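Observations on the three-dimensional arrangement
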Amino acid sequence: MTIKWGIIGCGKIADNFTQSLETLNDGELIAVGSKTPGKAKAFAEKFNVKKYYTNYEELLSNPEVDVVYIATTHNFHYENVLQALNHGKHVLCEKVFTMNAKQANHLRELAKNKHLFLMEAMWTRFLPATKEINKLILEGVIGEVMFLQAEFSFKTPMDLTGRFYNMNLAGGSLMDQGIYPISYASMLFKKQPINIKTNVCMAQTGVDERGSHIFEYEDGKAALLTTSISYYKRVHAIIAGTKGHIEIPSFFRASEFTVKVGEKEIEYNMPHISTGKGYEAQEVMNCIKEGKIKSNLMSIDETVEIMETMDNIRCKWGLKYPEEMERCIKA
Ligand SMILES: NC(=O)c1ccc[n+]([C@@H]2O[C@H](COP(=O)([O-])OP(=O)(O)OC[C@H]3O[C@@H](n4cnc5c(N)ncnc54)[C@H](OP(=O)(O)O)[C@@H]3O)[C@@H](O)[C@H]2O)c1
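Residues numbered from 1 in each chain as written. Predicted model: local features only at pLDDT ≥ 70, side-chain atom pairs only at ≥ 80, totals over all residues. Heavy atoms only, no water.

1. Let's talk about the sheet that holds strand β7 (residues 145–153)
The pairing of strands in a sheet happens through backbone hydrogen bonds and is either parallel or antiparallel. If you trace the eight strands from one edge of the open sheet to the other, you get β8-β9-β10-β7-β11-β12-β13-β14, paired in mixed fashion. The open sheet is flanked by β8 (195–202) and β14 (264–269), the only strands paired with a single partner. For this sheet the average axis-to-axis angle between neighbouring strands, irrespective of direction, equals 10 degrees. Where β7 lies against strand β11 (residues 234–241), eight bridges are found, and the strand directions are antiparallel. Note on β11: the bridge partner recorded for Ser 153 is Arg 234. In the packing of helix α6 (residues 128–138) onto the sheet, contacts are made with β7, β11, β12 (245–249), β13 (256–261) and β14, and the angle to β13 comes to roughly 15 degrees. With respect to the sheet, helix α9 (residues 300–317) is in contact with β8 and β9 (208–216), its orientation differing from that of β8 by roughly 55 degrees. (Pairing = 2+ DSSP bridges. Helix = DSSP H or I, 4+ residues; strand = E, 2+ residues; numbered from the N terminus. Axes fitted to C-alpha atoms, helices over the stretch in contact; angles between N-to-C directions. Contact = heavy atoms within 4.5 Å.)

2. As for the packing of aromatic side chains
According to the stated counting rule, one finds 13 aromatic pairs in the structure shown. Their ring planes at 85 degrees and their centres at 5.6 Å tell us that Phe 154 and Phe 164 sit as a pair that is edge-to-face. One end of the pair, Phe 154, is in the loop between β7 and α7 (173–189); the other, Phe 164, is in the loop between β7 and α7, with 10 residues separating them in the sequence. Ring geometry for Phe 189 and Tyr 217: centres 4.2 Å apart, planes at 20 degrees, overall stacked. Of this pair, Phe 189 sits in helix α7 while Tyr 217 sits in the loop between β9 and β10 (222–228), and the two are 28 residues apart along the sequence. An aromatic cluster is present here, built from Trp 123, Phe 152, Phe 154, Phe 164, Tyr 180, Tyr 184, Phe 251 and Phe 252 joined pairwise through their rings. Over the ring of Phe 164 we find Arg 163; its NZ or CZ atom is 4.4 Å from the centre of that ring. (Phe/Tyr/Trp six-rings, centres within 6.5 Å; stacked < 30°, edge-to-face > 60°. Lys NZ or Arg CZ within 6 Å of the ring centre and 35° of its normal.)

3. Considering the environment of Cys 315
Note that Cys 315 resides in helix α9. Classification of Cys 315 by relative accessible area gives buried; the value is 17%. (Buried < 20%, exposed > 50% of the residue type's maximum accessible area, 1.4 Å probe, protein only.)

4. Details of the packing of α7 against α9
Between α7 and α9, the least distance of the axes is 10 Å, while the angle of their chain directions is 125 degrees. The angle between α7 and α9 falls in the class oblique. The two elements α7 and α9 cross, and the hand of that crossing is right-handed. Contacts between α7 and α9 pair Leu 174, Met 175, Ile 179, Ile 182, Ser 183, Ser 186 and Met 187 from the former with Glu 302, Ile 306, Thr 309, Met 310, Ile 313, Arg 314 and Trp 317 from the latter. Tallied by class, residues from the contact of α7 with α9 come to nine nonpolar, three polar and two charged. (Parallel < 35°, antiparallel > 145°, perpendicular 65-115°, else oblique. Left-handed = near helix turned anticlockwise from the far one by under 90°. Nonpolar A, V, L, I, M, F, W, Y, C, P; charged D, E, K, R; others polar.)

5. Topic: the sheet that holds strand β3 (residues 51–53)
One open sheet accounts for six strands, arranged β3-β2-β1-β4-β5-β6; its pairing is parallel. Edge positions in the sheet fall to β3 and β6 (118–120), since each of these pairs with one other strand and no more. Averaged over all pairs of adjacent strands, the angle between strand axes in this sheet comes to 25 degrees, irrespective of strand direction.

6. Things to note about the side chain of Asp 26
Its location among the elements puts Asp 26 in the loop between α1 (12–21) and β2 (27–33). Here Asp 26 falls in the buried class, since its relative accessible area comes to 14%. A distance of 2.6 Å separates a polar atom in the side chain of Asp 26 from a polar atom in the side chain of Lys 289. Setting aside anything within four residues of it in sequence, one finds Asp 26 in contact with Met 1, Thr 2, Ile 3, Gln 282, Met 285 and Lys 289. (Polar contact = N/O pair within 3.5 Å; in protein donor to acceptor, adjacent residues only side chain to side chain.)

7. A word on the pairing of β11
Working note: regular strand, side chains alternate between the two faces of the sheet. In terms of strand pairing, β11 meets β12 through five bridges, oriented antiparallel. In the sheet register, Ala 240 faces β12, and the bridge partner there is His 245. Where β11 folds back on β12, the antiparallel hairpin that results is connected by three residues.

8. Quick notes on the nonpolar core
Nonpolar side chains in soluble globular proteins generally cluster together in the buried interior. Membership of the largest hydrophobic core comes to 107 residues, with the highest contact counts inside it found for Trp 5, Leu 148, Ile 239 and Ile 248. Summarising the domain contributions, this core has at least three residues from each of domain 1 (3–122 + 277–294) and domain 2 (128–271 + 308–317). Discounting residues that sit within four places of it in the chain, Ile 248 has contacts with Ile 133, Tyr 184, His 236, Ala 237, Ile 239, Ala 254, Glu 256 and Phe 257. (Core = buried A, V, L, I, M, F, W, Y, C linked by side-chain atoms within 4.5 Å. Domains from an automatic or database assignment.)

9. Brief notes about the domain arrangement of the protein
Structurally, the protein comprises domain 1 (3–122 + 277–294) and domain 2 (128–271 + 308–317). Taken residue by residue, the interface counts 13 residues in domain 1 and 15 residues in domain 2. Together domain 1 and domain 2 conceal approximately 1,200 Å² of surface at their shared face, both sides included; 64% is due to carbon and sulfur atoms. Its largest share of buried area at the contact with domain 2, domain 1 owes to His 74, Lys 95 and Met 122, together 39% of the area lost on that side. Between Asp 176 and Lys 95 there is a salt bridge whose closest N-O contact spans 3.8 Å. (Buried area = accessible area lost by both parts, 1.4 Å probe. Salt bridge = Lys/Arg side-chain N within 4 Å of Asp/Glu carboxyl O.)

10. Here's the deal with the side chain of Thr 124
As for its placement among the helices and strands, Thr 124 is situated in the loop between β6 and α6. What makes Thr 124 buried here is its relative accessible area of 4%. Thr 124 has contacts with Thr 130, Tyr 180, Tyr 184, Phe 251 and Phe 252, leaving out every residue within four places of it along the chain.

Now the structure itself:
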């Protein structure tokens, strides 16, 4: 059975995702939609896609489309997912899933009521290297996980035509980069922190340009997470356990890592195929075929919890996006 995909938003990540989708046997991209004049046509020509649309409604009305990948900027995710679910489509939505937990929770309930699959495109979770790290931890190779240090920084120009510094597109370091270390901490500790200490530096445009957080868990477990769109480039994670530790360069797109236990050091090299997005797409297709509405590896329930943590951080900072109508969930 071939699962037929549609894509909403024909930007950079849609291109990157499609390169990986092309490597899978049981998935086919059959329709793309873009509101930007000429973009859907150019995308369809580049990837040999049968149908292209200049609005999302027509794509979602195509009965052949089984599942929709939402690849627009953060501010549009809620309305795009809502529209797709209301057209009876399964959905994979880019990170960060929504602007806040209230939106995420509403989408979760809608998907549940309609018995449709819904998942945040946290592709890191499905990479062979990440799966191996989780397996080693489960086997107790580094003992009990006590501490995570994860940083995700790259410098991007203060350009309001792009999404990073743009308040109206729900830009900023937390939403774009912060989601990776925060989701990684959630994956490792299997819960949200009981206490958060956080610092932020705001850009002139109103978005957060860098932030650092200490997440505290029970039994003295902790995570130190830092992100920045305004200074040096470094993406790195260290997971420290009671017996040893794991170092993961570029943890969000991990292909290699080192396990150190005492004097023993083992290097793992687990490259991913194409752009690495095929693993999450395969998970989506497997779940749909099995009639599941959520993934065990990246459940929509965990996404809602992570959004609550992110709401909590933004409340501490006093940061709200122009489109947000409701009050923050936690003070
Ligand atoms: N998983 C990953 O590795 C990864 C990497 C990068 C980004 N992302 C995520 O993917 C999403 C899109 O990122 P991207 O880099 O692909 O973004 P992008 O190329 O800047 O924009 C994607 C699409 O969003 C819409 N859009 C962008 N700016 C707009 C504006 N000012 N007004 C109205 N619509 C606008 C357009 O949709 P139309 O085509 O319909 O006009 C555009 O094609 C974000 O949620 C981001 O966090 C994920």
